[in-house]
Amino acid sequence: MQFQFSTAPKIIFGPGTAKAIPDHVSRMGRRACLVTGSRPEQFQWLMDSLEHNGFQLQLIFVKGEPDTVFISECAAKARSQSCDMVIAIGGGSVLDAGKALAALLTNSRDVLDYLEVVGKGLPLENRPAPLIAVPTTSGTGSEVTSNAVLLSPEHGVKISMRSTDMIPDLAIVDPELTLSMPPNVTAATGLDALTQLMEAFVSRFASPITSPLCREGLSHIARALRTAYTDGADIEARSSMSLASLLSGIVLANARLGAVHGFAAPIGGQFHAPHGNVCAALLPQVMRTNIRALSERAPESPALEAYAETARILTGNSSATTADGIDWVMEICSDLQIPGLAAMGITDKDFPELAEKAARASSMKGNPIELTQAELIKILRRSY
Ligand code: NAD
C-alpha cells in the first residue's frame, strides 16, 4: 500500500464564517487581488471591510468558466499592480481563476508552459502567492484541490494547471453563501460533487484516508441533495451539500477521478454546458460500463465493492446492488432535470474524437479499469 495525502493547511467550515474573512487575511498581504463572479455587488461588504482595514484591492470579475487568454491578461494586470495575495470568492470558475492567478503572480512564464497534456506541463518555479478560497456553490471542492481548470480555446479542451503548491492556504466554507443558488445550479453542482465522490471512491488511487471521506460525503448527498434542490433556503441541507462538496475536493485531489471527468475535459472545451450537467449526464453509463468491464476483466478489483457500497449508501438499503445504485443516479438526474448530451449540442459525429481525447485526459488515470474506444463511444451513445 502506498499513498500521499495533501490538503489545505486550514479549513474553516460553518454558516456565517465568511464574515470573518478580513480577520484571517490581515497577515497574508496588503495588496489583494479580489476575484469574484458576475454579481460582485453581493460582496460589497467584503470590499468595504478590506479597504477599511487598509487593503488595496485589484478587482477581477470572472464571467463563465475561465480561459487561458483571460487568465494571462488578469495575471499581467495583477502583477503590474504588485498584488501580493489573492482572495477568490465564488463558484468553481472563480476559485479556479483565483488559483491560476495566485500561481501566475509569482511564476511569470506563459500559462501554456504550466498546463498539463496540451502544454509543456512545467513545474512552478516559485510558490504561488497566498490564496484564500471561499466557495459559493456546493459542487467542485476547488477550495481544497491542487488544480485550476482552464479552457484552452486553441486546443478546444479544458485542462489543468496542477501543483500541490496551488492548494489554497485557507478555505472558508460558509453554507450561507450557497443559499442564493437557483435550483439548476444546485442540481449541476451537487451532481458534480456526487460524481467526484464516486469516482474517487472507485479510483485505482483510493486510499484508507480518502475512502472514509467518500462514504461520509456520499451519505450527505443522499440525505440533502433533493432537499437543497426543492427548498434552497434549508440551511441544514445546504450545509450537508457544502460539506459533501468540500470532502469531494479533498478526495479528488488525492485519489483522482475517472472516465466521467475524462470526458468532461473535451466536452467542456467544445460545447457550452455547465460542467456539473456534463458529469451528471455521463455518470450512470460510466457506472454501468465500468461495472461490466470490471466484472468481466478484473473481478477481484476493490472498485466493484466500492460501487456496491455506493449503492447501499445512496439508496439507504443494506441489500442494494450495483444496479440499484445506477437506478438511483438515473432517477435523481431525471428529477433534477439534467439534460442528455444531445441537448448540449453533441452529435454522434463528435463521438470518436471525444472518446480519443477522453482516453488521453489526465482525469482518466484514476478510472478503475482501462476502457476500450468501443466502450467509451458506447458511454457517449447511451448518455444521449
Ligand atoms: P460556476 O462557478 O461556473 O458557476 C455557475 C453559475 O452559478 C454562474 O453563473 C455563477 O455566477 C453562479 N453562482 C455561483 N454561486 C452562486 C450563488 N451562491 N448564488 C447564485 N448563483 C451563483 O460553477 P461551478 O460548478 O461551481 O464551477 C464549474 C467550474 O469549476 C468548471 O470550470 C469546472 O471544470 C471547474 N471545476 C474545478 C475543480 C477543481 O478541482 N479545480 C473541480 C471541479 C470543477
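Residues numbered from 1 in each chain as written. Predicted model: local features only at pLDDT ≥ 70, side-chain atom pairs only at ≥ 80, totals over all residues. Heavy atoms only, no water.

### Here we look at the overall build of the chain
- A count of helices and strands for the chain gives 14 helices and eight strands.
- Computed over its C-alpha atoms, the radius of gyration of the chain comes to 20 Å, within 12% of the 21 Å expected for a compact globule of 384 residues.
- Each principal axis of the C-alpha distribution contributes one length, and for the chain these read about 60 × 45 × 45 Å.
- When the 384 residues of the chain are sorted by exposure, 59% land in the buried category.
- When contacts within the chain are restricted to residue pairs at least 6 apart in sequence, those whose partners lie at least 24 apart make up 79%.
- Looking at the chain, you have 32 positive and 39 negative side-chain charges, and the mean spots of the two groups are 3 Å apart. (Helix = DSSP H or I, 4+ residues; strand = E, 2+ residues; numbered from the N terminus. Rg over C-alpha atoms; globule rule 2.2 N^0.38 Å. Buried < 20%, exposed > 50% of the residue type's maximum accessible area, 1.4 Å probe, protein only. Contact = heavy atoms within 4.5 Å. Lys, Arg positive; Asp, Glu negative; His and termini not counted. Charge placed at Lys NZ, Arg CZ, Asp CG, Glu CD.)

### Some remarks on the packing of aromatic side chains
- Enumeration over the complete set of coordinates arrives at one aromatic pair.
- The interplanar angle of 90 degrees and the centroid separation of 5.7 Å between the aromatic rings of Phe351 and Tyr384 together place this pair among those described as edge-to-face. Here Phe351, found in helix H13 (residues 351-360), pairs with Tyr384, found in the segment after helix H14 (373-382); they are 33 residues apart in sequence, far enough to count as distant.
- Given a relative accessible area of 3%, Phe351 falls into the buried group. (Phe/Tyr/Trp six-rings, centres within 6.5 Å; stacked < 30°, edge-to-face > 60°.)

### Describing unusual backbone geometry
- Residues other than glycine seldom take positive phi values, yet Arg256 does so here, at roughly 65 degrees.
- Along the polypeptide, Arg256 turns up in the loop between helix H8 (235-255) and helix H9 (259-270).
- Judged by its relative accessible area of 36%, Arg256 is partly exposed.
- Positive phi values are uncommon outside glycine, yet Gln337 reaches one of about 55 degrees.
- Looking at the secondary structure, you find Gln337 in the loop between helix H12 (322-335) and H13.

### A short note on the pattern of salt bridges
- Considering all chains together, one arrives at 14 salt bridges under this definition.
- Between Arg162 and Glu116 there is a salt bridge whose closest N-O contact spans 2.9 Å. Of this pair, Arg162 sits in strand E7 (residues 157-162) while Glu116 sits in the loop between helix H5 (111-114) and strand E5 (131-135), and the two are 46 residues apart along the sequence.
- Looking at Arg162, the relative accessible area reads 40%, which means it is partly exposed.
- Note that Arg226 and Asp335 form a salt bridge whose closest N and O atoms lie 2.7 Å from each other. Taken together, the residues Arg226 in helix H7 (residues 210-230) and Asp335 in helix H12 connect sequence positions 109 residues apart.
- The partly exposed category is assigned to Asp335, whose relative accessible area is 36%.
- A single salt-bridge network, built from bridges that share partners, covers Arg109, Asp113, Lys120 and Glu125. (Salt bridge = Lys/Arg side-chain N within 4 Å of Asp/Glu carboxyl O.)

### Observations concerning the packing of H7 against helix H11 (residues 302-315)
- In contact at an axis separation of 8 Å, H7 and H11 are set at 35 degrees when each is read in the N-to-C sense. Crossing geometry of H7 relative to H11 is assigned as right-handed. Of the residues in H11, those touching H7 at Arg215, Leu218, Ser219 and Ala222 are Glu309, Thr310, Ile313 and Leu314.
- Residues belonging to the contact of H7 with H11 are distributed by class as follows: four nonpolar, two polar and two charged. (Axes fitted to C-alpha atoms, helices over the stretch in contact; angles between N-to-C directions. Left-handed = near helix turned anticlockwise from the far one by under 90°. Nonpolar A, V, L, I, M, F, W, Y, C, P; charged D, E, K, R; others polar.)

### A word on the nonpolar core
- If you look at the biggest cluster of nonpolar residues, it comprises 74 residues, and the most contacted ones within it are Leu191, Leu194, Ile267, Leu282 and Val329.
- A total of eleven residues in this core trace back to one element, the largest contributor, which is helix H10 (residues 275-297).
- The contact partners of Leu282, leaving out residues within four places of it in the chain, are Val260, Phe263, Ile267, Leu341, Ile379, Leu380 and Ser383.
- Ranked by size, the runner-up nonpolar core spans 35 residues in total, among them Ala75, Leu95, Ala97 and Leu101. (Core = buried A, V, L, I, M, F, W, Y, C linked by side-chain atoms within 4.5 Å.)

### Focus on the site of the ligand
- Near the ligand you find 25 residues, and of these Gly92, Ser93, Thr136, Thr137 and Thr145 are the closest.
- With respect to the ligand, the side chain of Arg39 contributes an N or O atom lying 3.3 Å from a nitrogen atom.
- At a separation of 2.7 Å, an oxygen atom of the ligand approaches a polar side-chain atom of Thr137.
- Protein contacts shield 83% of the accessible area of the ligand, which totals 860 Å² for the unbound molecule.
- When residues of the shell around the ligand are traced back to their parent elements, those giving at least two are helix H4 (92-106), strand E6 (147-152) and helix H6 (183-202).
- Taken together, the residues of the shell around the ligand sort by class into five nonpolar, 14 polar and six charged. (Near = heavy atom within 4 Å. Polar contact = N/O pair within 3.5 Å; in protein donor to acceptor, adjacent residues only side chain to side chain. Areas by Shrake-Rupley, 256 points an atom, 1.4 Å probe, with all protein chains shown as cover.)

### A short note on the packing of H6 against H12
- Across the interface, H6 lies against H12 with an axial gap of 12 Å and an inter-helix angle of 165 degrees. Between H6 and H12, the interaxial angle falls into the category roughly antiparallel. Between H6 and H12 lies a crossing of left-handed hand. Side by side, H6 and H12 meet where Leu191, Leu194 and Met198 of the first sit next to Trp328, Val329, Ile332 and Cys333 of the second.
- Residue composition of the contact of H6 with H12, by class: seven nonpolar, no polar and no charged. (Parallel < 35°, antiparallel > 145°, perpendicular 65-115°, else oblique.)

### Focus: a nonpolar patch on the surface
- Among the surface-exposed residues, Met1, Phe3, Phe5 and Ile209 lie close enough to one another that they form a single nonpolar patch of about 430 Å² accessible area.
- Residue position: Phe3 is located in the segment before strand E1 (10-13). (Patch = residues over 30% accessible without salt bridge, like charges linked within 9 Å, V, L, I, M, F, W, Y side chains within 5 Å.)

### Description of H11
- Taking 1.5 Å per residue, 14 residues should reach 20 Å; H11 reaches 20 Å between its end C-alpha atoms and fits that length.
- In terms of burial, H11 is a largely internal element, ten of the 14 residues being buried.
- Restricting attention to buried positions, one finds in H11 the residues Ala303, Leu304, Ala306, Tyr307, Ala308, Glu309, Thr310, Ala311, Ile313 and Leu314.
- Tucked inside the fold, the buried residues of H11 contact H6, H7, H10 and H12.
- One side-chain oxygen at the N-terminal end of H11 lies 3.0 Å from the backbone nitrogen of Ala303; it belongs to Ser301. (Expected span 1.5 Å × (residues − 1).)

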